[in-house]
Amino acid sequence: MEVANKHVTLKTHIEGAPKESDFELKTSPLSLLLYPGSGEMIVKNLYVSIDPYQLNRMRSYSLSQKTGTGFEGISLGEEIEAYGVAKVVASDNVEFEKGDVVVGVVTWAEYSKVRRNGMIRKLDPLGFPLSYHLGILGYSGLTAYAGFFEICKPKRGEKVFVSTAAGSVGNLVGQFAKLHGCYVVGCAGSKQKVQLLKEKLGFDEAFNYREETDLNSTLKRYFPDGIDIYFDNVGAEMQEAAVANMNTFGRVAVSGVISECIDPGKRAAPNMLQIIHKRIKIQGFLAVDHIGLFQDFVSTTSNHLRSGELCPLEDISDGLGSIPFAFTGLFRGDNIGKKIVKIAEE
C-alpha cells in the first residue's frame with residue numbers, strides 16, 4: 001500500500017529574506033510497507049513548527065551549518081525537516097505502535113518516514129492541545145525558560161527588556177519575568193502587538209520599534225535606572241542600544257539575531273569598553289544546551305497554564321500549502337506568538 005505524499009521542498013537556496021517562490025510543493029509516492037528489522041515508522045503529520053532558525057539551513061552556505069546535528073544545510077529538492085506532532089500509521093519500531101501520538105523531528109509533509117533512532121518520542125498531551133507541545137510546552141518554551149532563568153539568573157525587582165516580545169519566545173520570556181516579580185518592557189513591530197503585550201500579557205510597558213528613530217534614547221526613556229537583563233532575539237542596532245543602557249553586571253541572553261539573518265549588512269557592534277567596565281555578560285545559547293531542564297520546565301509551565309498565570313499565544317495556519325507563506329511571514333513580522341501549520345485533523 002502506498003500514499004501520494006505531498007511535501008514542501010527547497011526550490012532555490014535563499015540569500016537575504018525568504019520568498020514564497022523559493023519553495024515548491026511536490027507529490028511523491030510513499031510506501032506504507034516497512035522492511036522487517038528496519039526499525040522505521042511512517043507518521044501522519046498533524047502540526048509542524050515554523051521556526052526562524054531554519055533559514056540558515058536553506059542558504060547555500062552558513063557558518064551555523066557546521067555547528068551540529070539539525071543545523072546542516074538543506075539540499076535542493078530535499079524534504080525539509082521540522083519539529084512536529086504526528087500520529088503513527090505504520091511501525092517496525094518496537095517502541096511505537098500504530099495510533100501512537102508522537103512529537104519530534106518530522107518533515108514539512110503530509111507523511112514522514114522516521115528512521116531508527118530518529119529524534120522522536122511518544123507524547124503525553126498532559127490535558128493540553130497538541131499544538132502547545134510545539135510552542136509553550138516545546139522548544140520555544142524551553143528557549144524562553146532556560147534563557148531567562150539559567151543564562152540571565154534573574155532577581156526579583158530587576159528590570160528586563162525583551163525584543164520581538166510578541167514572538168514565540170519573547171512573549172514567554174516577558175510572562176516568566178512578570179511571574180518572577182520583574183519590571184518588563186517589550187518591543188514589537190505594530191500597535192496591535194504593543195497593545196497585546198500590555199493588555200493581555202501584563203508587560204509593564206511596550207513600544208513599537210518601527211516608530212522610534214533613536215533606540216538609545218527610547219530605552220533611556222523606558223529604563224531611566226538602566227537595564228539589568230536583555231533577552232535578545234534580533235541583534236544589530238537593538239542589541240547595541242540595550243548594551244548602552246545596561247547596568248553594572250547586566251546580562252544579555254542572545255537567542256536570535258533575526259534582523260541580521262535577513263540583512264547580512266547588519267551586525268551588532270556593542271561598545272566593548274562598556275561591556276568590560278560594567279562587567280556585562282553576553283551569552284549565546286541553544287535550547288538543546290538545556291535539555292536536562294526539560295521535565296522541570298514542562299512541570300512548572302504546565303502548572304502556570306492550569307492556574308491561568310501564563311497565556312499561550314499561537315498563530316496557526318491551515319494546510320501544507322500554507323507553509324511557504326507562513327515561513328516567509330516570520331521575517332515580515334506577521335506572526336503573533338508561536339507560528340504553527342496544521343497539516344491534518346487530529
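Scoring rules and cut-offs
Residues numbered from 1 in each chain as written. Predicted model: local features only at pLDDT ≥ 70, side-chain atom pairs only at ≥ 80, totals over all residues. Heavy atoms only, no water. Helix = DSSP H or I, 4+ residues; strand = E, 2+ residues; numbered from the N terminus. Rg over C-alpha atoms; globule rule 2.2 N^0.38 Å. Buried < 20%, exposed > 50% of the residue type's maximum accessible area, 1.4 Å probe, protein only. Contact = heavy atoms within 4.5 Å. Areas by Shrake-Rupley, 256 points an atom, 1.4 Å probe, with all protein chains shown as cover. Lys, Arg positive; Asp, Glu negative; His and termini not counted. Charge placed at Lys NZ, Arg CZ, Asp CG, Glu CD. Core = buried A, V, L, I, M, F, W, Y, C linked by side-chain atoms within 4.5 Å. Domains from an automatic or database assignment. Salt bridge = Lys/Arg side-chain N within 4 Å of Asp/Glu carboxyl O. Axes fitted to C-alpha atoms, helices over the stretch in contact; angles between N-to-C directions. Parallel < 35°, antiparallel > 145°, perpendicular 65-115°, else oblique. Left-handed = near helix turned anticlockwise from the far one by under 90°. Nonpolar A, V, L, I, M, F, W, Y, C, P; charged D, E, K, R; others polar. Buried area = accessible area lost by both parts, 1.4 Å probe. Polar contact = N/O pair within 3.5 Å; in protein donor to acceptor, adjacent residues only side chain to side chain.

Turning our eyes to something else, we now look at the overall build of the protein. Secondary structure summary: the protein contains 10 helices and 15 strands in total. For 346 residues, the compact-globule estimate of 2.2 N^0.38 gives 20 Å, and the C-alpha radius of gyration of the protein, at 21 Å, lies within 12% of that figure. Here the C-alpha coordinates of the protein stretch approximately 65 × 45 × 35 Å along the principal axes. Split into buried and exposed, the 346 residues of the protein put 55% on the buried side. Sequence-distant contacts in the protein: of pairs separated by 6 or more residues, those separated by 24 or more amount to 68%. Taken as a whole, the protein presents about 15500 Å² of accessible surface, with 51% of it coming from carbon and sulfur. Seen as two clouds, the 38 positive and the 41 negative side-chain charges of the protein have centres 2 Å apart.

Looking at soluble globular proteins, one finds that nonpolar side chains tend to be buried together. In terms of nonpolar packing, the biggest core is built from 50 residues, with Trp108 and Phe161 touching the most fellow members. There are two domains that each give this core at least three residues, and those are domain 1 (2–135 + 313–342) and domain 2 (139–288). What Phe161 contacts, discounting residues up to four positions off in sequence, is Val185, Gly186, Cys187, Phe207, Leu219, Phe223, Ile227, Ile229, Tyr230, Phe231, Met238 and Ala242. Residues Phe176, Ala177, Cys182 and Ile336 belong to the second largest nonpolar core, which totals 43 residues.

Looking now at the pattern of salt bridges. Evaluation of the coordinates by the stated rule reveals 14 salt bridges. In this structure, Lys19 engages Asp22 in a salt bridge whose closest nitrogen and oxygen atoms are separated by 3.5 Å. Lys19 gets classed as partly exposed once you look at its relative accessible area, which sits at 45%. Between Arg332 and Asp334 there is a salt bridge, and its shortest N-O distance comes to 2.8 Å. In this structure Arg332 comes out as partly exposed when scored by relative accessible area, which is 38%. Residue classification places Asp334 among the partly exposed residues on the basis of a relative accessible area of 41%.

For any two helices packed against each other, one specifies the inter-axial angle together with the distance between the axes. The interhelical angle for the contact between helix H5 (residues 215–222) and helix H6 (residues 236–244), taken along N-to-C directions, is 45 degrees, at an axis separation of 9 Å. By the angle between their axes, H5 is oblique relative to H6. As H5 runs across H6, the sense of the crossing is right-handed. Facing H5, whose interface residues are Leu215, Asn216 and Leu219, H6 presents Glu237, Met238, Ala241, Ala242 and Ala244. The class makeup of the residues in the contact of H5 with H6 is six nonpolar, one polar and one charged.

A word on unusual backbone geometry. If a residue is not glycine, its phi is most likely negative; likewise, a peptide bond is most likely trans. If you check the backbone angles, Asn117 has positive phi at about 65 degrees while not being a glycine. Along the chain, Asn117 turns up in the loop between strand S6 (111–114) and strand S7 (120–122). With a phi angle near 60 degrees, Leu126 is a residue other than glycine that sits in the positive phi range. Turning to its location among the elements, Leu126 is positioned in the loop between S7 and helix H2 (139–151). Using a relative accessible area of 32% as the deciding quantity, one classes Leu126 as partly exposed.

Glancing now at the environment of Ala236. If you trace the backbone, Ala236 turns up in helix H6. Linking Ala236 and Leu32, residues 204 residues apart in sequence, is a C-alpha distance of 48 Å.

Further remarks concern the domain arrangement of the protein. Taken as a whole, the protein is organised into domain 1 (2–135 + 313–342) and domain 2 (139–288). Placing a centre on the C-alpha atoms of domain 1 and another on those of domain 2 gives a separation of 29 Å. Listed by partner, the interface residues are 20 residues for domain 1 and 17 residues for domain 2. Together domain 1 and domain 2 conceal approximately 1400 Å² of surface at their shared face, both sides included; 63% is due to carbon and sulfur atoms. The three residues of domain 1 that bury the most area against domain 2 are Leu313, Phe331 and Ile336, which together make up 35% of that side's buried surface. Our count for the contact surface shared by domain 1 and domain 2 stands at five residue pairs in polar contact (both at pLDDT 80 or more).

So, on to the side chain of Thr9. Looking at the secondary structure, you find Thr9 in strand S1 (residues 2–10). Assessed through its relative accessible area of 0%, Thr9 is described here as buried. Sequence-distant contacts of Thr9, that is, excluding residues within four places in its chain, are made with Asp22, Phe23, Glu24, Lys26, Gly77, Glu78 and Ile80.

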